Amino acid sequence: MVELMRMAIGALLNIEIWIMLILNVFVLSCIKKGKLYSGKEKCVYLLSTSNICCDIAQLALHAFYIGPSIIAGKWFFDGEKSLGITIAGVLFIEFWIFASLIQMLFSTNRLIIICFPWSSLFSSRRKTFLYIVITLIIATGLTLRHQVFTPCCRTIPDQRYFGYSILNVDNVENHSYLLGLILDAGVSVYSGISYIAMIVYARIKGVSRNSGAFKREIRCAILFFIMFTTYTVIWMTFYVYPLLNIGITEAYVITPILLVFNSGINAIIYLTLNRDVSVSDYFKMRNIVDKLNLLHREGSAL
């Protein structure tokens, strides 16, 4: 009965993983086909592209290891201290930290573009790309500090808890736990401040409710609120659940469920709230490309 429950939970989680993975790939293809990163909002879409690519990598890790290991109920490598589990843990934290920092960068971009339009901080793709590279370097450094160089304690994928766990070392203080908590809380606070600042800005400016600018502010506010809420709930469950000493291990599956949802929330937002990315536009572009390819083949045949 217990194994049947595990397999059912694992199957549902895997379905969610693949749905979110497909959505992210779909939105990324829309951005690429529409060349949205080269338009007037190029910096935003460049940040979004890096964020979605990170989400795809995180979801791929879940699709090909974490999800299947939950269904199988066993390690796919030689235990929690094996090299394979260590690498999987490093990748998991790398993707998580990078996505967290990108979210802060994205919040900064929206805050500056909306509240400080005179600023040149995000005035070009080159600058934005440089920020992304710096963010990746910082994320890699924090990951190595968290997972490799600190004696204790690594975060690893752990099917016993239907997601992840912290590998503790006896008689060693857990600095990694504190580092992760500070980072996650900092991202949530910063995103929350950005969200509030945009609302205050819209009220102070007194933008008309029927204007395009006001509607843009509302869409951005909704986007930030959703991202802020899901992100905050995820890390809170990860850090709070162990303190509650919940005896039912199946209860811990809420953390990967929310994390997978968070990895797909960007794609969902773009499909529902962003007019530049839509299903109809994708198929219109695809039809145009197909017609051009057909004309090219017919011309070559002649």
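Residues numbered from 1 in each chain as written. Predicted model: local features only at pLDDT ≥ 70, side-chain atom pairs only at ≥ 80, totals over all residues. Heavy atoms only, no water.

Threshold: UniProt positions are given in the numbering used here, feature names are shortened, and annotations may be inferred rather than shown by experiment.
The chain appears in an unreviewed UniProt entry as G-protein coupled receptors family 1 profile domain-containing protein from Strongylus vulgaris. According to UniProt, the comment filed for the chain under the heading Subcellular location (unreviewed entry) is "Membrane".

1. Side note on unusual backbone geometry
Phi is mostly negative for residues that are not glycine, and the peptide bonds are mostly trans. Worth spelling out the cut-off: Helical segments are the DSSP runs of H or I of at least four residues, strand segments are the runs of E of at least two, and each set is numbered from the N terminus.
We note that Phe 162 has phi near 55°; this positive angle belongs to a residue other than glycine. Turning to its location among the elements, Phe 162 is positioned in the loop between strand E1 (154–158) and strand E2 (163–167).

2. Structural notes on the nonpolar core
Stated precisely, the cut-off is as follows: For the purposes of this section, nonpolar cores are sets of buried Ala, Val, Leu, Ile, Met, Phe, Trp, Tyr and Cys residues that join through side-chain atoms within 4.5 Å. The rule is simple: take the accessible area with a 1.4 Å probe, protein chains only, and divide by the maximum for that residue type; under 20% is buried, over 50% is exposed, in between is partly exposed. It only takes one pair of heavy atoms within 4.5 Å for two residues to be counted as in contact.
The biggest cluster of nonpolar side chains holds 54 residues, and the ones touching the most others in it are Val 27, Trp 96, Ile 97 and Ile 132. Every element with two or more residues in this core is listed here: helix H1 (2–34), helix H2 (42–72), helix H3 (83–115), helix H4 (125–149), E2, helix H5 (175–205), helix H6 (212–244) and helix H7 (254–273). Leaving out residues up to four positions away in the same chain, Ile 132 has contacts with Leu 46, Leu 47, Ser 50, Phe 98, Ile 102 and Leu 105.

3. A word on empty space enclosed by the protein
For the record, the criterion: A pocket here means an open set of points on a 1 Å grid, computed over the protein atoms alone, that has protein on both sides within 12 Å along at least five of seven lines. A cavity is instead a set of points where a 1.4 Å probe fits but cannot get out; residues with an atom within 4 Å of a point line either one. Grid points are joined across faces, edges and corners, and a volume is the space filled by probe spheres set on the points. The residue classification treats Ala, Val, Leu, Ile, Met, Phe, Trp, Tyr, Cys and Pro as nonpolar and Asp, Glu, Lys and Arg as charged. All others, Gly included, are polar.
This structure, assessed with the given rule, holds three cavities of 30 Å³ or more. Around the largest cavity, the lining comprises 18 residues; the ones closest to its centre are Ile 93, Trp 96, Asp 184, Phe 238 and Tyr 239. Going through the elements one at a time, H3, H4, H5, H6 and H7 are the ones with two or more residues in the lining of the largest cavity. Grouping the constituent residues of the lining of the largest cavity by class yields 13 nonpolar, four polar and one charged. Along the walls of the second largest cavity sit 16 residues, with Asn 51, Asp 55, Ala 99, Asn 262 and Ser 263 positioned nearest its centre. Grouping the amino acids of the lining of the second largest cavity by side-chain chemistry returns eight nonpolar, seven polar and one charged.

4. Description of the side chain of Thr 49
Within the fold, Thr 49 resides in helix H2. Sequence-distant contacts of Thr 49, that is, excluding residues within four places in its chain, are made with Leu 28 and Ile 31.

5. A short note on the pairing of E1
On a regular strand, one side chain projects to one face of the sheet and the next to the other, so that they alternate. We count it as follows: DSSP calls a pair of strands paired once it identifies at least 2 bridges connecting them.
Among the five residues of E1, four are classified as buried, and the element is accordingly described as predominantly covered. Relative to E2, E1 runs antiparallel, the two sharing five bridges. Bridge pairing in E2 links Pro 157 to Tyr 164. In sequence, E1 turns back onto E2 through a hairpin of four residues, with Phe 162 there showing a positive phi of about 55°.

6. Remarks on the environment of Asp 184
Put simply, the rule is: Residues adjacent in sequence count toward polar contacts only when both atoms are side-chain atoms; beyond that, a polar contact is any pair of N or O atoms within 3.5 Å, and within protein one must be able to donate a hydrogen and the other to accept it.
One can find Asp 184 in helix H5. Note: C-alpha distance between Asp 184 and Tyr 231 (47 residues apart in sequence) is 8.5 Å. Once residues within four sequence positions are removed from consideration, Asp 184 is found in contact with Trp 96, Ser 100, Tyr 231, Trp 235 and Tyr 239. Here Tyr 239 takes part through its side chain, which lies 3.4 Å from a polar atom of the side chain of Asp 184.

7. Overview of the packing of aromatic side chains
Condition: For this analysis, a ring pair means two rings from Phe, Tyr or Trp (six-membered ring only for Trp) whose centres lie within 6.5 Å, classed as stacked if their planes differ by under 30 degrees, edge-to-face if by over 60, and tilted for the remaining angles.
This structure, assessed with the given rule, holds eight aromatic pairs. Both rings, one in Tyr 65 and one in Phe 76, keep their centres 5.4 Å apart while their planes meet at 85°; by these two values the pair is edge-to-face. One end of the pair, Tyr 65, is in helix H2; the other, Phe 76, is in the loop between H2 and H3, and 11 residues separate them in sequence. For the pair Tyr 65 and Phe 77, a centre-to-centre distance of 5.7 Å together with 35° between the ring planes defines the contact as tilted. Note that Tyr 65 is positioned in helix H2 and Phe 77 in the loop between H2 and H3, a separation of 12 residues in sequence.

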